[in-house]
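Architecture at a glance
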Amino acid sequence: MRTLLTILMTTMMLLLTACGGGNAQTGADTSAQKETQTTASARSDQRVLVVYFSRADENTGGVGYIEKGNTKILAEMIAERTHGDIFEIKTVKPYPKEYRPATEAAKQEKEENARPEIVGELPDLSKYDVVFLGYPIWWSDMPMPVYTFLDRENFAGKIILPFCTHEGSGLSDTQRSIADVTKADVREGFALQGHIAQKSPEEARTALYEWMSKQGY
């Protein structure tokens, strides 16, 4: 009888231990789920604006004449993923359609530190928390119309995520230039060779979204 009682007590203790372990694991899972939900909720509460400058027509990188600029392709992908608003920086005076004359015009603007006039009413940045800022690299810098935009807006308290297209120069220290002009919180940028955006858009999307995920978007 005593042996039977001992067996019963041992069995009950094992069952209680198993149940207790299961509850502890469930508690840990629930805590992790809540943390993930909180992070996701915080990101969804951020108001996102995608701003970009892009040029179509004749381009380098073996793409020839294009209907949609390389940077515009990335900007639209970002807006799709974030459900953010989008604003394109356009100049009053268009750049030449041919590649060489366009580069010469861009070089002259850079040498003069020009601020080309841009079209339309600028977005109200007070409505946004995060700005994805896109541009091609021209003469190892941002195009001067991008500086026009940055000079005219108030970026106090904003997060800026730069992204660019290029054909070998990468970001070219433009992150520092953006920080100097805006005094905003400029995060790690993204650079992609322009011909990849044109010829292999899904490859571009994969690389772009990997960067965005690392930034929490």
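Residues numbered from 1 in each chain as written. Predicted model: local features only at pLDDT ≥ 70, side-chain atom pairs only at ≥ 80, totals over all residues. Heavy atoms only, no water.

A short note on the pattern of salt bridges
- If you walk through the whole model with that rule in mind, you get 11 salt bridges.
- The salt bridge partner of Asp185 is Arg187, with a shortest N-O separation of 2.9 Å.
- Put simply, Glu80, Glu202 and Arg205 are held in one network by salt bridges that share partners. (Salt bridge = Lys/Arg side-chain N within 4 Å of Asp/Glu carboxyl O.)

What about the nonpolar core?
- Counting residues in hydrophobic clusters, the biggest one holds 28 residues, and the most contacted among them are Tyr135 and Phe149.
- Counting only elements with at least two residues in this core, the list comes to strand E1 (48-52), strand E5 (130-136), helix H4 (144-152) and strand E6 (159-166).
- The element best represented in this core is H4, accounting for five residues.
- With residues near it in sequence (within four places) discarded, Tyr135 still touches Phe53, Thr71, Met142, Pro143, Val146, Pro162, Phe163, Cys164, Thr165, Leu171, Thr174 and Ile178. (Core = buried A, V, L, I, M, F, W, Y, C linked by side-chain atoms within 4.5 Å. Buried < 20%, exposed > 50% of the residue type's maximum accessible area, 1.4 Å probe, protein only. Helix = DSSP H or I, 4+ residues; strand = E, 2+ residues; numbered from the N terminus. Contact = heavy atoms within 4.5 Å.)

Here's the deal with the packing of helix H2 (residues 70-82) against helix H7 (residues 201-214)
- At their nearest, the axes of H2 and H7 sit 10 Å apart, and the two run at 55° to each other. Judged on the interaxial angle alone, H7 and H2 are oblique. The element H2 and its partner H7 pack so that their crossing is right-handed. Of the residues in H7, those in contact with Leu74, Met77, Ile78, Glu80, Arg81 and Thr82 of H2 are Pro201, Ala204, Arg205, Leu208, Tyr209, Trp211, Met212 and Ser213. (Axes fitted to C-alpha atoms, helices over the stretch in contact; angles between N-to-C directions. Parallel < 35°, antiparallel > 145°, perpendicular 65-115°, else oblique. Left-handed = near helix turned anticlockwise from the far one by under 90°.)

Remarks on the packing of H4 against helix H5 (residues 174-182)
- The N-to-C vectors of H4 and H5 enclose an angle of 30°; their axes lie 9 Å apart at closest approach. Crossing of H4 over H5 shows right-handed handedness. Of the residues in H5, those touching H4 at Tyr147, Leu150 and Asp151 are Ser177, Ile178, Val181 and Thr182.
- Per-class residue counts for the contact of H4 with H5 are four nonpolar, two polar and one charged. (Nonpolar A, V, L, I, M, F, W, Y, C, P; charged D, E, K, R; others polar.)

Side note on the packing of aromatic side chains
- Taken as a whole, this structure holds eight aromatic pairs when the rule is applied.
- Considering the side-chain rings of Phe53 and Tyr95, the 6.1 Å spacing of their centres and the 75° angle between planes classify their relative orientation as edge-to-face. Pair noted here: Phe53 is in the loop between E1 and strand E2 (57-59) and Tyr95 is in the loop between strand E4 (85-88) and helix H3 (99-112), with a separation of 42 residues, a long-range link.
- Consider the rings of Phe132 and Tyr217, whose centres lie 5.5 Å apart with planes at 80°: the pair is edge-to-face. Of the two residues, Phe132 sits in strand E5 while Tyr217 sits in the segment after H7, which places them 85 residues apart along the sequence.
- A connected cluster of aromatic rings, assembled from ring pairs, spans Phe132, Phe190, Trp211 and Tyr217.
- We note Arg81 situated over the ring of Tyr209; from NZ or CZ to the ring centre the distance is 4.5 Å.
- Here the basic side chain of Lys107 rests over the ring of Trp139, its NZ or CZ set 5.1 Å away from the ring centre. (Phe/Tyr/Trp six-rings, centres within 6.5 Å; stacked < 30°, edge-to-face > 60°. Lys NZ or Arg CZ within 6 Å of the ring centre and 35° of its normal.)

Re unusual backbone geometry
- Backbone geometry places Trp139, a non-glycine residue, at a positive phi of 55°.
- The residue Trp139 is located in the loop between E5 and H4 in this model.
- A positive phi angle, near 55°, is found at Ser172, a position not held by glycine.
- Mapped onto the fold, Ser172 is located in the loop between E6 and H5.

Nothing here speaks to function; it is geometry throughout.
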